[in-house]
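# Understanding the architecture of this molecule
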Amino acid sequence: MRRLAQYGFGAPDSRRQKRLEQMRRPAWLGTVRRTSPLSDHWGRERGTPVDRYYIERFLDENRGLIRGRVLEVMDARYTRRFGTNVTRSDVLDIDAANADATVVADLAAADAIESATFDCFILTQTLHYVFDVEAALEHVHRVLRPGGTVLCTVPVTSRIGRAQLDREYWRFTPHACRRLFARKFDEGAVDVRGLGNVLACVAFLVGMAAEELSARELEAHDPFFPLLVTVRATKVATERAMAAAGHPS
Ligand SMILES: C[S@@+](CC[C@H](N)C(=O)[O-])C[C@H]1O[C@@H](n2cnc3c(N)ncnc32)[C@H](O)[C@@H]1O
């Protein structure tokens, strides 16, 4: 549980507790004029962190791709929640102390993982912890089966986690993601989106929850103020590659 808390996944509070927290520390205009956040946990004690609103909607929209052999980082929560027809679920972590990990490896040096293994790789909120992003993306592409897809999210605007000061390296722009993924994947098979707006970013930074914003406020996407980038990239399936990976033609 301590590991999960480090990444903002504490024990879920009840809806009533979250409502009480919103009333105890209101987030009206003026109350956000402060130099410390309302929440030290991305707003989780008040409701759904704003980045998770976008991440979970992205995975929901792509749930049809979460099937077959699925790899996820840290735990399998999104595989379980959004997957259909999952034949095998694996969890990757660099941290050997993670009891959920079925694959312990540094994504930037993951030669031990066999090539062309996974139909889907759920790579949420991880690349900013990997210094050598290019090497990581080489392995992401390599471990996917032909026709397999990586569903990736990365932060653009985010605080640094309390326990992550010397672990987080990067923030990304949509433009950088397009270039990084197009180096490994066919450009036409990469879909990159920047989500959020200035209000969503401010709310997230101060630690308000998604429930404290309206759907209209969350769904206004301003290219100049993205909070999060989503990337859906599919490995091209040539007939030869499909045969080599053991797919029937
Ligand atoms: C914030 S969690 C992200 C995954 C989680 N599913 C999510 O959506 O938030 C970060 C995870 O990435 C792992 N990690 C950090 N650097 C890594 C690396 N180079 N290779 C593999 N895993 C890494 C951490 O140990 C941690 O479990």
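Scroll up a little and you will see the structure.
Before going into details, it helps to say that this report is about the structure given with it. All chains use their own residue numbering, which begins from 1 and follows the written sequence. Where totals are concerned, whole chains, interfaces and linings use all residues; where local detail is concerned, this predicted model gives features only for residues with pLDDT of at least 70, and gives and counts side-chain atom pairs only at 80 or more.

The next point concerns unusual backbone geometry. Phi is positive for M74, which is not a glycine, with a value near 80 degrees. Each helix is a run of H or I in the DSSP string that is no shorter than four residues. Each strand is a run of E no shorter than two, and both are numbered from the N terminus. Structurally, M74 can be placed in the loop between β1 (68-73) and α4 (77-82). The burial label depends on the number of other C-beta atoms within 10 Å of a residue's C-beta. Counts of 20 or more mean buried, 12 or fewer mean exposed, and intermediate counts mean partly exposed, with C-beta atoms placed from the backbone. Residue M74 is classed as buried on the basis of its 22 C-beta neighbours within 10 Å.

Before going further, it helps to spend a moment on the site of the ligand. Within the structure, the ligand sits among 16 residues, and M74, I94, L107, T124 and Y129 are positioned closest to it. Elements with a minimum of two residues in the shell around the ligand: β1 and β2 (86-93). Just so you know the grouping, Ala, Val, Leu, Ile, Met, Phe, Trp, Tyr, Cys and Pro go in nonpolar, Asp, Glu, Lys and Arg go in charged, and all remaining residues, Gly too, go in polar. Class assignment for the residues of the shell around the ligand results in 9 nonpolar, 3 polar and 4 charged. To decide whether a residue is near a molecule or strand, its C-beta atom is placed from the backbone and checked for lying within 6 Å of it.

Among the secondary structure elements, V202 is positioned in helix α7 (residues 198-206). On the neighbour-count criterion, V202 (16 C-beta atoms within 10 Å) is partly exposed. Placed 170 residues apart in sequence, V202 and V32 show a C-alpha to C-alpha distance of 8.8 Å.

A separate point is the pairing of β2. Examined bridge by bridge, β1 and β2 share 6 bridges and lie parallel to one another. Of the residues in β2, the one forming a bridge with V73 is L92. What makes two strands pair is DSSP finding at least two bridges between them.

In this section: the environment of G148. Relative to the helices and strands, G148 is located in strand β5 (residues 144-155). For G148, a count of 25 C-beta atoms within 10 Å corresponds to the buried category. Contact between two residues is assigned when their C-beta atoms, built from the backbone, lie within 7 Å. Excluding residues within four positions of it along the chain, G148 makes contact with F118, D119, C120 and K235.

So, about the packing of helix α5 (residues 133-143) against helix α6 (residues 174-184). If you want to describe how two helices pack, look at the angle between their axes and the distance between the axes. For the pair α5 and α6, the least separation of the axes is 9 Å and the interaxial angle reads 50 degrees. Comparing their axes, α6 and α5 come out oblique. Remark: the crossing between α5 and α6 carries right-handed chirality. Residues V133, L137, E138 and H141 of α5 form the contact with α6, whose own contacting residues are L180, F181 and K184. Taken together, the residues that form the contact of α5 with α6 break down as 4 nonpolar, 1 polar and 2 charged. Working convention: axes come from line fits to C-alpha atoms, limited for helices to the stretch in contact. Angles between N-to-C directions cover 0 to 180 degrees. Orientation labels follow simple angle bins: below 35 degrees gives roughly parallel, above 145 gives roughly antiparallel, 65 to 115 gives roughly perpendicular, and whatever is left gives oblique. Take the far helix as your reference; a near helix turned counterclockwise from it by less than a right angle gives a left-handed crossing, and one turned clockwise gives a right-handed crossing.

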